[in-house]
Amino acid sequence: MMEQLVIIGSGPAGYTAAIYAGRAQLKPILFEGFEAGGSPGGQLMTTTDVENFPGFAEGIQGPVLMQQMRQQALRWGTQVITDDVIAVDFQERPFRIATTDLIMYTHAVIVCTGATAKRLHLPGEERFWNNGISACAICDGTNPLFHNVEIAVVGGGDSAAEEALYLTKYASQVHLLVRSDRLRASKTMQSRVLNHSKIQIHWQVLPISAHGDEVLQQIQLQDQITGAISELKVNGLFYAIGHRPNTRLFEGQLALDSQGYIKTTGKSTATNIAGVWAAGDVQDHLYRQAITAAGTGCMAALEAERWLAEQANAFSFAA
Ligand SMILES: Cc1cc2nc3c(=O)[nH]c(=O)nc-3n(C[C@H](O)[C@H](O)[C@H](O)COP(=O)(O)OP(=O)(O)OC[C@H]3O[C@@H](n4cnc5c(N)ncnc54)[C@H](O)[C@@H]3O)c2cc1C
């Protein structure tokens, strides 16, 4: 099978790329995944209200938003395949894409495999996920659940510092739970956190379980030196312990940064291989929002369309 454009991943980046590529009559093939790197629809399938995606004044449920994006991509001629890509070969042209069941050849690829927020997998975590436990302060911090109550943030890097500072806008008190005896955040962020009247830092502790009724009410902490266990009454627990970009598939082929994110060139979504672009969280450890993922998905599709048009003489299809 020979295709013009294959998109790998079905979060906001992948579907937006598909909508643009479909409208450009590229007849994109989109592998929406099965179980690798999350699930079809991506990270928003694991949340309830999305309140910051433009166009939905009253907010929209994450899975409903993703279903709408999928429908829109199908409407413009995208062929969606529910499977994980298990191997790619970008060394030879056309590129080779493989799942367990099929092998496909394509001139161009847009990688939108996203990232996975790391969790602690505490006892009680599943029960209170979206009911007090979250991995995104900017997404969930405005939820009334977290207004004028005490909440905890786990982590010691820049993201944790940023999330703790952001949450002080809503919470009455933010407890920053740091595993070691120091913050890894930049000096500026450290000083903002250390001097904020609403932030209390708990050194060398980790949460070990979550408790409550309908919503989170309390967590247990373990001292990392003595092993002593204590209780902290909080109505929110935010993980800021990093994300894992879904890039194992591309190791040794696409240039990755030290954290495993795909490197893109300047303002574009181009990777180190002509004909391969990367969009969304798989190449973005800074913004990590649905709208930025969708924005880069759009950019990747437009860049792919132009590149394919330029290559039209070399390939056998009409641009
Ligand atoms: C709990 C939670 C709540 C959030 N709330 C908000 C919010 O309110 N507002 C907001 O703007 N952002 C929110 N975010 C962030 C937002 O979800 C992400 O920024 C966005 O989903 C990134 O989109 P993406 O397309 O880059 O990738 P993802 O959404 O991560 O999707 C990646 C896709 O790639 C697929 N995939 C991975 N590997 C393979 C493979 N080998 N083969 C085929 N497919 C593969 C997966 O199945 C998935 O479909 C939230 C995130 C989380 C975790």
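All values derive from a computational prediction rather than experimental measurement.

What counts, and where the lines are drawn
- Residues numbered from 1 in each chain as written.
- Predicted model: local features only at pLDDT ≥ 70, side-chain atom pairs only at ≥ 80, totals over all residues.
- Heavy atoms only, no water.
- Helix = DSSP H or I, 4+ residues; strand = E, 2+ residues; numbered from the N terminus.
- Buried < 20%, exposed > 50% of the residue type's maximum accessible area, 1.4 Å probe, protein only.
- Contact = heavy atoms within 4.5 Å.
- Polar contact = N/O pair within 3.5 Å; in protein donor to acceptor, adjacent residues only side chain to side chain.
- Axes fitted to C-alpha atoms, helices over the stretch in contact; angles between N-to-C directions.
- Parallel < 35°, antiparallel > 145°, perpendicular 65-115°, else oblique.
- Left-handed = near helix turned anticlockwise from the far one by under 90°.
- Nonpolar A, V, L, I, M, F, W, Y, C, P; charged D, E, K, R; others polar.
- Near = heavy atom within 4 Å.
- Areas by Shrake-Rupley, 256 points an atom, 1.4 Å probe, with all protein chains shown as cover.
- Pairing = 2+ DSSP bridges.
- Domains from an automatic or database assignment.
- Buried area = accessible area lost by both parts, 1.4 Å probe.
- Salt bridge = Lys/Arg side-chain N within 4 Å of Asp/Glu carboxyl O.
- Core = buried A, V, L, I, M, F, W, Y, C linked by side-chain atoms within 4.5 Å.
- Patch = residues over 30% accessible without salt bridge, like charges linked within 9 Å, V, L, I, M, F, W, Y side chains within 5 Å.

Glancing now at the environment of His147. Relative to the helices and strands, His147 is located in the loop between helix H4 (137-140) and strand E11 (150-154). Here His147 falls in the partly exposed class, since its relative accessible area comes to 33%. Considering only alpha carbons, one finds His147 and Lys169, 22 residues apart in sequence, at a separation of 8.7 Å. Residue contacts for His147: discarding those within four places in its chain leaves Gly141, Thr142 and Tyr170. From its side chain, His147 meets the backbone oxygen of Thr142 in a polar contact 2.8 Å long.

Here helix H1 (residues 12-23) crosses helix H2 (residues 62-75) at 25°, and the two axes come no closer than 8 Å. With respect to each other, H1 and H2 are oriented roughly parallel. Classified by chirality, the crossing of H2 by H1 is left-handed. Counting all contacts with H1, which are made through Pro12, Tyr15, Ala18 and Ile19, the residues of H2 involved are Met66, Met69, Arg70, Gln72 and Ala73. Across the contact of H1 with H2, the residue classes tally to seven nonpolar, one polar and one charged.

We now examine the site of the ligand. For the ligand, the set of nearby residues contains 37 residues, the closest of which are Ser10, Gln43, Asn52, Asp281 and Ala290. In this structure, Pro12 approaches the ligand through a main-chain N or O atom, which is 3.2 Å from an oxygen atom. Gly42 is positioned such that a nitrogen or oxygen atom in its backbone is 3.4 Å from an oxygen atom of the ligand. Notes on the ligand: free accessible area 1,000 Å², of which the protein chains cover 97%. Secondary-structure elements contributing two or more residues to the shell around the ligand are H1 and helix H7 (290-310).

Turning our eyes to something else, we now look at the sheet that holds strand E16 (residues 229-232). On the basis of which strands lie adjacent, the open sheet formed by three strands has the order E14-E15-E16 and antiparallel pairing. Whereas interior strands pair on both sides, the edge strands pair on one side only; in this sheet they are strand E14 (205-212) and E16. Between one strand and the next, the sheet's axes are offset by a mean angle of 30°, whatever the strand orientation. Relative to E16, strand E15 (residues 216-223) runs antiparallel, the two being bridged by four bridges. Directly across from Gln222, in E16, lies its bridge partner Ile229.

Turning our attention to the sheet that holds strand E12 (residues 173-178). Spatially, E10-E17-E11-E12-E13 is the arrangement adopted by the five strands of the open sheet, whose pairing is parallel. Lying at the two open borders of the sheet, with one neighbouring strand each, are strand E10 (133-134) and strand E13 (199-203). In the sheet, E11 pairs with strand E17 (residues 236-239) via four bridges, with the strands oriented parallel. Paired with Ala152 across the bridge in E17 is Leu237.

This brings us to the domain arrangement of the chain. Segmentation of the chain into domains returns domain 1 (2-116 + 243-310) and domain 2 (119-239). Its C-alpha centre places domain 1 at a distance of 32 Å from the equivalent point of domain 2. Domain 1 puts six residues into the contact, and the matching count from domain 2 is seven residues. At the boundary of domain 1 with domain 2, total buried surface from both sides reaches about 550 Å², with 28% on carbon and sulfur atoms. Three residues stand out in domain 1 for area buried against domain 2, namely Thr46, Arg288 and Gln289, and they jointly supply 49% of the buried area on that side. Our enumeration of links across domain 1 and domain 2 arrives at zero salt bridges. For the pair domain 1 and domain 2, the number of links is two residue pairs in polar contact (both at pLDDT 80 or more).

Turning next to the nonpolar core. Membership of the largest hydrophobic core comes to 33 residues, with the highest contact counts inside it found for Leu5, Ile7, Phe53, Leu65, Ile110 and Trp277. Mapped onto this core, the elements with two or more residues apiece are strand E1 (2-8), H1, H2, strand E8 (103-111) and H7. In terms of residue count, H7 provides more of this core than any other element does, eight residues in total. Of all hydrophobic cores here, the second largest spans 22 residues; its members include Val149, Ala160, Ala171 and Phe238.

Residues Met2, Ile103 and Tyr105 make up a contiguous nonpolar surface patch of about 260 Å² in total accessible area. Tracing the backbone through its elements, the reader meets Met2 in strand E1.

Applying the stated criterion across every chain yields a total of four salt bridges. Where Glu125 meets Arg119, a salt bridge forms, and the shortest distance between an N and an O atom there is 3.6 Å. For the salt bridge of Asp181 with Arg182, the shortest nitrogen-to-oxygen distance reads 3.2 Å. The partly exposed category is assigned to Asp181, whose relative accessible area is 44%. Each of Arg119, Glu125 and Glu126 takes part in one network of salt bridges that share partners.

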